[in-house]
Amino acid sequence: NAGVTQTPKFQVLKTGQSMTLQCAQDMNHEYMSWYRQDPGMGLRLIHYSVGAGITDQGEVPNGYNVSRSTTEDFPLRLLSAAPSQTSVYFCASTPRVGPSNQPQHFGDGTRLSIL
Amino acid sequence: GQQVMQIPQYQHVQEGEDFTTYCNSSTTLSNIQWYKQRPGGHPVFLIQLVKSGEVKKQKRLTFQFGEAKKNSSLHITATQTTDVGTYFCKTGANNLFFGTGTRLTVIP
């Protein structure tokens, strides 16, 4: 059981480049989300999706796009990389959200450096 | 933005000492979750609290949910070096928001 798989694990970009961080889950979870974690900081929500075809913004969405064409995949796109986007990016999934929230399952993270 | 304040931000303890971290909210919470993140790792779910005044234990860890459901605490008895990491609470309308975390260092 792979759980939540993120690729790549490490990436170095130059300012202005674009790239896509991949996230896939094989647990048939409805809810997926992207967080960024800066050194010594907590996790901040970038975007989330409550199901295929539905996405919404989190706390820090600027500079990022997402799509959810399938239940399994939730890619995060950096449109024009900036040094301020240097961070560790975590993808997470959960069966559903609501009053009976389920635990979130996290991927191992993508460590991204923007030069 | 963030709905909870988590304190302290850092805590250094000698091995064998107790440790407590607190999450405080200005609004009533439907539930709260606690996660642990080891250095270099990803957050791992520990527990969820739902009921007012609820207390749950996992070995040396004790989790409490306040009577008013506006605060929660995680207490570790007799810390060990394996307890090192950052402890986060998580809440929000859809359980979206993490607290800022408490980074625990255990000195052998």
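Residues numbered from 1 in each chain as written. Chains lettered and ligands numbered in written order. Predicted model: local features only at pLDDT ≥ 70, side-chain atom pairs only at ≥ 80, totals over all residues. Heavy atoms only, no water.

## Here's the deal with the packing of aromatic side chains
So, step 1. Tallied over the full model, the rule gives eleven aromatic pairs over all chains.
So, step 2. Between Tyr35 of chain A and Phe106 of chain A the ring centres are 6.0 Å apart and the planes differ by 40°, which places this aromatic pair in the tilted class. Within this pair, whereas Tyr35 of chain A is found in strand 4 (residues 31–37), its partner Phe106 of chain A is found in strand 10 (residues 105–106), the two being separated by 71 residues in sequence. Here Tyr35 of chain A matches Phe106 of chain A in class, with each residue buried.
So, step 3. Centroid distance Tyr35 of chain A to Phe98 of chain B: 5.2 Å. Interplanar angle 85°. Geometry classified as edge-to-face. Taken together, the positions of Tyr35 of chain A in strand 4 and Phe98 of chain B in strand 10 (residues 97–98) put the pair across two chains. (Phe/Tyr/Trp six-rings, centres within 6.5 Å; stacked < 30°, edge-to-face > 60°. Helix = DSSP H or I, 4+ residues; strand = E, 2+ residues; numbered from the N terminus. Buried < 20%, exposed > 50% of the residue type's maximum accessible area, 1.4 Å probe, protein only.)

## Section: the sheet that holds strand 7 (residues 64–66) of chain A
Residues and elements named next belong to chain A.
So, step 1. Within the open sheet, the four strands sit side by side as 1-3-8-7. Their pairing is antiparallel. Of all strands in the sheet, those with a lone pairing partner are strand 1 (4–7) and strand 7, marking the two edges. Recorded for the sheet is a direction-independent mean angle of 20° between the axes of neighbouring strands.
So, step 2. Bridge count for strand 7 against strand 8 (residues 76–78) is three bridges, and the pairing is antiparallel. Opposite Asn65, over in strand 8, you have Arg77 as the bridge partner. (Pairing = 2+ DSSP bridges. Axes fitted to C-alpha atoms, helices over the stretch in contact; angles between N-to-C directions.)

## Things to note about unusual backbone geometry
So, step 1. Of note, the bond from Thr7 of chain A into Pro8 of chain A is cis; its omega dihedral lies within 30 degrees of zero at -5°.
So, step 2. For Pro8 of chain A, the position within the fold is in the loop between strand 1 and strand 2 (10–13).
So, step 3. Pro8 of chain B follows Ile7 of chain B through a cis peptide bond whose omega is -5°.
So, step 4. In this structure, Pro8 of chain B sits in the loop between strand 1 (4–7) and strand 2 (10–14).
So, step 5. Phi angles above zero are rare outside glycine, and Asn28 of chain A is one such case at about 60°.
So, step 6. For Asn28 of chain A, the location among the structural elements is in the loop between strand 3 (19–25) and strand 4.
So, step 7. Backbone geometry places Ala78 of chain B, a non-glycine residue, at a positive phi of 50°.
So, step 8. Position of Ala78 of chain B among the secondary structure elements: in the loop between strand 8 (71–76) and strand 9 (85–91).

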